[in-house]
Amino acid sequence: MFRQMFKPLIAISLALVSFAALAEPVVIKFSHVVAEDTPKGRGALLFQKRVAERLGDKVRVEVYPNSSLYGDDEELEALIRGDVQMLAPSLSKFDRYTRELQVFDLPFLFDDLAAVQRFQSRDSGVRLLGALSNQGITGLAFWNNGMKQLSANKSLKLPADAKGLTFRIQASDMLVEQFEMVGATGVKMPFSESFRALQSGQVQGTENTWSNYYSQKLNTVQPHISETNHGVLSYMLLIDTKFWNGLPFKVRSELQSIADEVTASVNRDAEAINAKNREMIVASGSSTVVTLDAQQIKAWREAMQPLLKRHESDIGASVIRAAQTVNRR
Ligand code: SIN
């Protein structure tokens, strides 16, 4: 009797609830591990802003910076589970899933960031955006941070100076080998643990970009930073494929065009952000920036570059060759 009386009311309430649910913007959780004032941090905030301006009634982006939601040892699994919808992990962190992207970790492969961007925009680079499709992950774009420098508690001018030291590295087997080539040891560790590990002396050195040194205060625990530009820190902007394909076509197209615009902005500004952070490190007096002459750079290059030949078969000789050609203007 009671149920019969209230049946129409229940039906109306359910209809209202589901209408409200449909009217709610869909939420994109975008998690990352760096500070907000870095190329990736700024990119995530710009993406959030543009989506609010152009799709505000349909999509809401929540940005979680600085490993506040997931650290870099757990964020890819969170994406695969559907607990977050977007990430932009460093390409070094994909080696559990694909070997091809390790091309970006080969030392002294790219002369500078402009060469990296040329590679990423050509067919062989664009193709790599699909490297995680079998994991249910869609690659939307490459975002670049910058060239990596090498730091330690002592001045590193020649490869022999690094012998016997331990370095915090990203979770990449190629980076383990890179440090082996100079008689050092690479210890894989989440980004969020870098400061503590350097401060406590658990490791004596690390490699990163000027913006990551400055924004994580790593320079305050690294008295010497050698300007080696020996490798690149680049990201892939990722979205959960199931989520992506489930969006209405018009929403997805608009999100893709926002992602393209934000990508252009991130990649245009990355070099300037790193240059500014380099100056701030110098001005802070925390660390000596060790500039290397051509002979010293050559010595690092010769020590590390045999990895290119060693990895021709697993990464693909054609991918490596395509990357090498972008250095020639
Ligand atoms: C990042 O820039 O996303 C982190 C890089 C690192 O782990 O060193």
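The residue numbers shown here count from 1 along each chain, following its written sequence. Since the coordinates come from a predicted model, pLDDT governs what is reported: local features require at least 70, and pairs of side-chain atoms require 80 or more to be given and counted, while whole-chain, interface and lining totals use all residues. Heavy atoms throughout the structure, all of them, feed into the side-chain values; hydrogens and water do not.

**Some remarks on unusual backbone geometry**
One non-glycine residue, N66, lies in the positive phi region at around 55°. The class for N66 is partly exposed, based on a relative accessible area of 43%. Although it is not a glycine, F108 adopts a positive phi angle of roughly 55°. The way it works is that DSSP assigns letters per residue, a run of H or I at least four long becomes a helix, a run of E at least two long becomes a strand, and they are numbered from the N terminus. With respect to the helices and strands, F108 occurs in the loop between β3 (86-87) and α4 (113-121). When a residue's accessible area, from a 1.4 Å probe over protein chains only, is under 20% of the maximum for its type it is buried; when over 50% it is exposed; and in between it is partly exposed. The exposure class assigned to F108 is buried, which follows from its relative accessible area of 5%.

**As for the site of the ligand**
Every residue lining the ligand is accounted for by V33, V34, K40, D72, K93, R168, Q170, F191, N208, N212, L233 and Y235. The definition of a polar contact used here is a pair of N or O atoms within 3.5 Å, where within protein one atom must be able to donate a hydrogen and the other to accept one, and adjacent residues in sequence count solely through side-chain atom pairs. Here an oxygen atom of the ligand and a side-chain polar atom of K40 are 2.7 Å apart. A distance of 2.6 Å separates an oxygen atom of the ligand from a polar side-chain atom of Y235. Accessibility throughout is a Shrake-Rupley quantity obtained with a 1.4 Å probe, and a residue counts as covered only by protein chains that appear here. Contact with the protein chains removes 100% of the 260 Å² of surface that the ligand exposes when unbound. Grid points spaced at 1 Å over the protein atoms alone were grouped into cavities, where a 1.4 Å probe fits but cannot get out, and pockets, open sets with protein on both sides within 12 Å along at least five of seven lines, with lining residues defined by an atom within 4 Å of a point. In this description, a molecule resides in a pocket or cavity if more than half of its atoms sit within 2 Å of the grid points defining it. Here the ligand occupies the largest cavity. The residue inventory of the shell around the ligand, partitioned by class, reads five nonpolar, three polar and four charged. Proximity is defined per residue: if any heavy atom of the residue lies within 4 Å of a molecule or strand, that residue is considered near it. Each residue is assigned to one class: nonpolar for Ala, Val, Leu, Ile, Met, Phe, Trp, Tyr, Cys and Pro, charged for Asp, Glu, Lys and Arg, and polar for all the others, Gly among them.

**Considerations on the nonpolar core**
By size, the foremost hydrophobic cluster in this structure holds 38 residues, and its most contacted members are V103, F104, L106, F110, F119 and M236. Elements with a minimum of two residues in this core: α3 (75-81), α4, β4 (137-152), β8 (224-240), α12 (306-310) and α14 (317-325). For this core, the leading source of residues is α4, giving four residues. As used here, the term nonpolar core means buried Ala, Val, Leu, Ile, Met, Phe, Trp, Tyr and Cys residues forming a set that is joined through side-chain atoms within 4.5 Å. Listed in part, the 30 residues of the second largest apolar core include V61, I239, V251 and V266.

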